[in-house]
Structures are given as C-alpha cells and as structure tokens.
Amino acid sequence: MPDPATRDQIVQAADRLFYQRGYEHTSFADIADVVKISRGNFYYHFKTKDEILDAVIDARVKGTRAMLDRWQIAGDNPKDRIRSFIDILIANRADIKRYGCPVGTLSTELAKLGHPAQADANELFTLFRAWLRKQFALLGRERDADALAMHLLARSQGVATLASAFRDEAFIRQEVAAMHDWLDASVAGAGGKAKDATAQRTPRRRS
C-alpha cells in the first residue's frame with residue numbers, strides 16, 4: 001500500500017521545482033533526487049508527470065482555501081482581510097524576486113504549452129477573485145466589487161512580474177504601499193456613498 005507521507009513529499013518537492021524551474025523543465029529524476037527515493041518507489045506513487053501536476057494543483061487549491069479561511073478569521077473587517085492579500089507580496093518577496101508569482105507563472109506556462117490542466121490551475125485565480133469580490137461587496141462596493149477584485153489581482157501580478165524581472169525589493173514595497181493607499185481611497189469612497197444613502201433615508205427633524 002502506498003505510503004501517504006512519501007506521496008506528500010513528492011508533491012511538495014514537485015510543487016517547489018515546478019515553481020523554481022517550471023513544469024516543462026522539471027523531470028521525474030529531479031523530483032526523485034530531492035525526495036531521495038528510487039525510481040521504482042517513485043513510479044509506485046505516480047506514473048506520469050501530469051499525475052504529479054494534478055496533485056500539485058490540488059494541493060495548491062487546498063492550501064489557498066485554507067489561507068483564505070485564516071484571513072477571514074483573523075481579519076477584524078473586510079479592509080483588514082484585503083490587506084492580508086496585498087501583503088503576501090511582502091511576505092513572499094524573496095521568492096517573488098527570483099521566480100515571480102507561483103500562481104501566475106504556472107498558469108502562464110501551462111497556457112503556452114496548451115496543457116489541459118491550465119483550467120484547473122486557473123482555479124487559484126478564481127478563488128482569489130471570488131474572495132476579494134466578497135470583501136469589496138462587504139465594504140459597500142457591491143456594484144463594482146468584481147472590477148475592484150480583478151484590478152487588485154492584475155496589479156499584484158504586475159508587481160510580481162516586474163519585481164522578478166528587475167530583482168527589486170524596493171519596488172515591491174513601494175507598490176504594496178500604493179495598493180494600501182488605493183484600498184483606503186476605495187473604502188473612503190464607499191463610506192461616503194453609504195453615508196449619503198443613509199442621510200437620504202433618514203428624515204430631518206423639524207425644529
């Protein structure tokens with residue numbers, strides 16, 4: 001019976017190598033060397049590299065859902081939760097400077113290869129999009145919540161791409177601060193609209 005611990009080690013090693021080297025340029029031997037298992041033991045768990053890719057994507061989806069759940073619990077309000085998303089650029093800045101965003105790089109590579117797993121990889125973006133949309137809606141931006149979510153996703157991907165191209169940590173910090181300012185302005189706009197709407201609904205007291 002396959003050892004779940006060994007299988008998990010293979011998936012973790014493959015996840016890291018796919019991120020650092022790319023899916024196409026990572027071989028069975030590369031993964032086996034990291035895990036330090038024989039080729040026969042390796043094939044006992046996975047017969048093809050596509051099977052490993054499916055397992056990696058599944059692990060990333062589960063990990064992303066768990067992370068979003070943690071942000072949901074830890075954040076006192078939607079604005080704080082959105083800040084958690086923005087700040088992953090800072091938390092992961094060392095890897096981002098070297099390899100870019102793990103979600104974006106895998107999706108882009110699979111798209112170039114015309115790989116059938118591309119749609120599954122894109123689910124990670126869909127999870128972030130839906131979660132951010134919910135937070136913006138809770139902030140009173142129901143009408144443009146999806147547009148705001150997509151804007152923030154696009155901006156974070158652009159920052160990751162350019163930070164990797166130029167290996168520039170100062171750029172990451174500068175753009176993260178700018179995204180926080182943008183979020184504050186977006187919330188202020190929503191607050192103003194909510195305040196105006198409340199004022200229109202509340203009748204004035206007669207003196």
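These remarks concern the structure in this document. If you're wondering where the values come from, they're calculated on a predicted model, not measured in any experiment.

Conventions used here
Residues numbered from 1 in each chain as written. Predicted model: local features only at pLDDT ≥ 70, side-chain atom pairs only at ≥ 80, totals over all residues. Heavy atoms only, no water. Phe/Tyr/Trp six-rings, centres within 6.5 Å; stacked < 30°, edge-to-face > 60°. Helix = DSSP H or I, 4+ residues; strand = E, 2+ residues; numbered from the N terminus. Buried < 20%, exposed > 50% of the residue type's maximum accessible area, 1.4 Å probe, protein only. Lys NZ or Arg CZ within 6 Å of the ring centre and 35° of its normal. Contact = heavy atoms within 4.5 Å. Patch = residues over 30% accessible without salt bridge, like charges linked within 9 Å, V, L, I, M, F, W, Y side chains within 5 Å. Areas by Shrake-Rupley, 256 points an atom, 1.4 Å probe, with all protein chains shown as cover. Salt bridge = Lys/Arg side-chain N within 4 Å of Asp/Glu carboxyl O. Lys, Arg positive; Asp, Glu negative; His and termini not counted. Charge placed at Lys NZ, Arg CZ, Asp CG, Glu CD.

### Some points on the packing of aromatic side chains
No. 1: Under the criterion given, the structure shown has 8 aromatic pairs.
No. 2: When the ring of Phe28 is compared with that of Tyr43, the centres are 5.1 Å apart and the planes differ by 45 degrees; the resulting orientation is tilted. Of this pair, Phe28 sits in helix 2 (residues 28-35) while Tyr43 sits in helix 3 (residues 39-45), and the two are 15 residues apart along the sequence.
No. 3: Residue class for Phe28 comes out buried when judged on its relative accessible area of 11%.
No. 4: Judged by relative accessible area, which is 32%, Tyr43 ranks as partly exposed.
No. 5: Between the NZ or CZ atom of Lys49 and the centre of the ring of Tyr23, over which it lies, the distance is 4.5 Å.

### Remarks on helix 2
No. 1: Within helix 2 the residues assigned to the buried category are Phe28, Asp30, Ile31, Ala32 and Val35.
No. 2: As for helix 2, its buried residues are in contact with helix 1 (4-21), helix 3 and helix 4 (49-74).
No. 3: Residue Lys36 follows helix 2 closely and has a positive phi angle near 65 degrees.

### Observations concerning a negative patch on the surface
No. 1: There is a patch of like negative charges on the surface, built from Asp50, Glu51, Asp54 and Asp120.
No. 2: Counting residues per element, the negative patch draws most heavily on helix 4, at 3 residues.
No. 3: Looking at where Asp54 falls in the secondary structure, it is placed in helix 4.
No. 4: On the accessibility criterion, Asp54 (42% relative accessible area) is partly exposed.

### Concerning the environment of Ala117
No. 1: Its place among the elements puts Ala117 in the loop between helix 7 (102-113) and helix 8 (118-138).
No. 2: Note on Ala117: relative accessible area 2%, which makes it buried.
No. 3: When the C-alpha atoms of Ala117 and Ser107 are compared, they prove to be 9.0 Å apart, with 10 residues separating the residues in sequence.
No. 4: Not counting residues up to four positions away in its chain, the partners in contact with Ala117 are Leu53, Asp54, Ile57 and Leu110.

Geometric descriptors of this kind do not, in isolation, establish any biological role.
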